[in-house]
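# Fold and contact review
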Amino acid sequence: MMKTFLSLLCVALFGPALADAADDKKPAGPLWLDPAIAAEQDADFRQIGEYVTAIDHKEARQGVRVAGLGGGQFLVSTYMGGLPGAGWDGSDAAFEVMAVTEVEEKTGDGELLMRVVRESPTLGKKAPEGAVVLFAGEENDKVKGEIKDGSLWAGSQTTGEYGNFHLHVEFRLPYKPQTPLSSQDRGNSGLYLQNRYEVQVLDTFGLVFDRELLEPVLELKSDPKQWCGCLYKFKAADVPMSLPPLTWQTYDIDFTAPTFDAAGEKTANARITVVHNGVKIHDDVELPKGTGAGGTRPEVARGPILFQGHGNPTAFRNVWLIEK
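Residues numbered from 1 in each chain as written. Predicted model: local features only at pLDDT ≥ 70, side-chain atom pairs only at ≥ 80, totals over all residues. Heavy atoms only, no water.

## With respect to the overall build of the protein chain
In terms of helices and strands, the protein chain carries two helices and 21 strands. Relative to its full complement of 324 residues, the protein chain shows a buried share of 53%. The long-range share in the protein chain, meaning contacts at least 24 apart out of those at least 6 apart in sequence, stands at 68%. (Helix = DSSP H or I, 4+ residues; strand = E, 2+ residues; numbered from the N terminus. Buried < 20%, exposed > 50% of the residue type's maximum accessible area, 1.4 Å probe, protein only. Contact = heavy atoms within 4.5 Å.)

Below, the structure written as structure tokens:
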């Protein structure tokens, strides 16, 4: 039987299901936009993150994610072989809801618990020569929307329209611990390519795209195909690569627009490849139409990019693309 993170913590287990913390349509409790302030003001935030374990070098390495549920409760996810994107092969994941009272770096059983702070390998990547710099920290004529504190905020969009491109974007989700994990109000935004195809942006750190694994311990508030990294309501990501809230994350996207003949009839579907925090989560996926609400709009050869506004203060920075 796989040893879980339970043996590494002083814990008190809670019941198998969480009660509703809030109406999904309304913000619940406080939120933070700055990790330093969150760490100072919220004790739970200091526990949230990723860990790895090694047990006397005899058992396979484990990856552990501790995600905040608010009120001193956490979803603790254990992955045999390592963290998602760093050793985990997609099997043998276990989930428990706990109250974490103390995280120790070493227990008396020869078990090591080490915090890991991962950073996307493309974080801060500079726009190459010839790229269209959409946002580099200041107001410009390539985007319209709210610009504050060096970030472009959800609800903005490009002023230009684009067809085939490689897109780099960095985003940071707010910390909203009182909003249920998996709720569509937990930092909800999205990259709407051509205003039709959405790559979801949401705080779903600690979740995997498998209802059967999660539902025994957590009441899900939305469909897994609506979670971070997903092609909204169309396809779940291949790997759950979300990092903790208030961490700068990256999407590196290759998008091929649909093509049309002289009569306006579509001759080829759009295609997309998405790399999330350095790990490929969609590989040349065909998009027969737009996703979510975008599926109700006629497809086009060129269109704007929207940083979807959905009532949440999600920040974007270092946004650039290379047209193909």
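## Quick notes on the side chain of Ser 242
Here Ser 242 lies in the loop between α2 (211–214) and β15 (249–256). You can call Ser 242 buried: its relative accessible area is 5%. Contact partners of Ser 242, with chain neighbours within four places excluded, come to Arg 65, Leu 202, Thr 204, Phe 205, Cys 228, Gln 249 and His 276.

## Quick notes on the environment of Ser 120
Looking at where Ser 120 falls in the secondary structure, it is placed in the loop between β6 (111–116) and β7 (132–135). A residue is classified by how much of its surface remains accessible, and Ser 120, at 3% relative accessible area, is buried. For the pair Ser 120 and Glu 170, spaced 50 residues apart in the sequence, the C-alpha separation amounts to 9.7 Å. Setting aside residues up to four positions removed in sequence, Ser 120 forms contacts with Thr 250, Asn 277 and Gly 278.

## Structural notes on the sheet that holds strand β14 (residues 197–201)
What the five strands build is an open sheet, ordered β8-β11-β20-β13-β14; its pairing is antiparallel. The sheet terminates laterally at β8 (143–144) and β14, the two strands that pair on one side only. Here two bridges tie β8 to strand β11 (residues 156–158), and the two strands are oriented antiparallel to one another. Bridge assignment links Lys 144 to a residue of β11, and that residue is Gln 157. (Pairing = 2+ DSSP bridges.)

## Looking at the packing of aromatic side chains
With the rule as written, the count across this model stands at nine aromatic pairs. Plain terms: the ring middles of Tyr 79 and Trp 88 are 4.9 Å apart, the flat faces sit at 70 degrees to each other, and that makes the pair edge-to-face. The class of Trp 88 is buried, set by a relative accessible area of 16%. What links up through ring pairs into an aromatic cluster is the set Trp 32, Phe 45 and Tyr 175. Its guanidinium or amino end placed over the ring of Tyr 192, Arg 297 lies 5.6 Å from that ring's centre, counting from NZ or CZ. (Phe/Tyr/Trp six-rings, centres within 6.5 Å; stacked < 30°, edge-to-face > 60°. Lys NZ or Arg CZ within 6 Å of the ring centre and 35° of its normal.)

## Some thoughts on the confidence of the model for the protein chain
Do not read the fine detail of predicted coordinates wherever pLDDT is low. Looking at the protein chain, pLDDT values average 88 and 85% of them are 70 or higher. Across residues 1–25, confidence stays below pLDDT 50; counting only partners more than four residues off in sequence or on other chains, it has 73 contacts. Confidence drops under pLDDT 50 across residues 102–108; counting only partners more than four residues distant or on other chains, this segment forms 15 contacts. (pLDDT = per-residue confidence, 0-100.)

## Re the pattern of salt bridges
Across all of its chains, the model carries 16 salt bridges by this definition. The residue Lys 176 makes a salt bridge to Asp 185 at a minimum N-O spacing of 3.2 Å. Judged by its relative accessible area of 7%, Asp 185 is buried. The salt bridge partner of Asp 284 is Arg 271, with a shortest N-O separation of 2.9 Å. In this pair, Asp 284 sits in strand β19 (residues 279–287) while Arg 271 sits in strand β18 (residues 270–276), placing the two residues 13 residues apart along the sequence. Taking the relative accessible area as the measure of exposure, Asp 284 reaches 39% and is therefore partly exposed. Through salt bridges that share partners, Glu 50, Arg 65 and Arg 118 make up one connected network. (Salt bridge = Lys/Arg side-chain N within 4 Å of Asp/Glu carboxyl O.)

## Focus on unusual backbone geometry
Backbone geometry places Asn 277, a non-glycine residue, at a positive phi of 55 degrees. With respect to the helices and strands, Asn 277 occurs in the loop between β18 and β19. When its relative accessible area of 7% is taken as the criterion, Asn 277 is described as buried. A positive phi angle is found at Asn 318, which is not glycine, with a value near 45 degrees. As for its placement among the helices and strands, Asn 318 is situated in strand β21 (residues 315–323).

## A few points about the environment of Trp 320
Looking at where Trp 320 falls in the secondary structure, it is placed in strand β21. Between the alpha carbons of Trp 320 and Ala 131 there is a distance of 6.5 Å; along the sequence they are 189 residues apart. Leaving out residues up to four positions away in the same chain, Trp 320 has contacts with Lys 125, Lys 126, Ala 127, Pro 128, Ala 131, Val 132, Val 133, Leu 134, His 166, Leu 167 and His 168. Separated by 3.1 Å, the side chain of Trp 320 and the backbone oxygen of Lys 125 make a polar contact. (Polar contact = N/O pair within 3.5 Å; in protein donor to acceptor, adjacent residues only side chain to side chain.)

## Some points on empty space enclosed by the protein
Tallying each qualifying case throughout the model produces one cavity of 30 Å³ or more. There is about 40 Å³ of room inside the largest cavity. In this structure, the largest cavity is lined by Arg 65, Thr 204, Phe 205, Gly 206, Leu 207, Phe 209, Cys 228, Pro 240 and Ser 242. Considering only residue class, the lining of the largest cavity consists of five nonpolar, three polar and one charged. (1 Å grid on protein atoms, 1.4 Å probe; cavity = no way out; pocket = protein on both sides within 12 Å on 5 of 7 lines; lining within 4 Å. Points joined across faces, edges and corners; volume = space filled by probe spheres on them. Nonpolar A, V, L, I, M, F, W, Y, C, P; charged D, E, K, R; others polar.)

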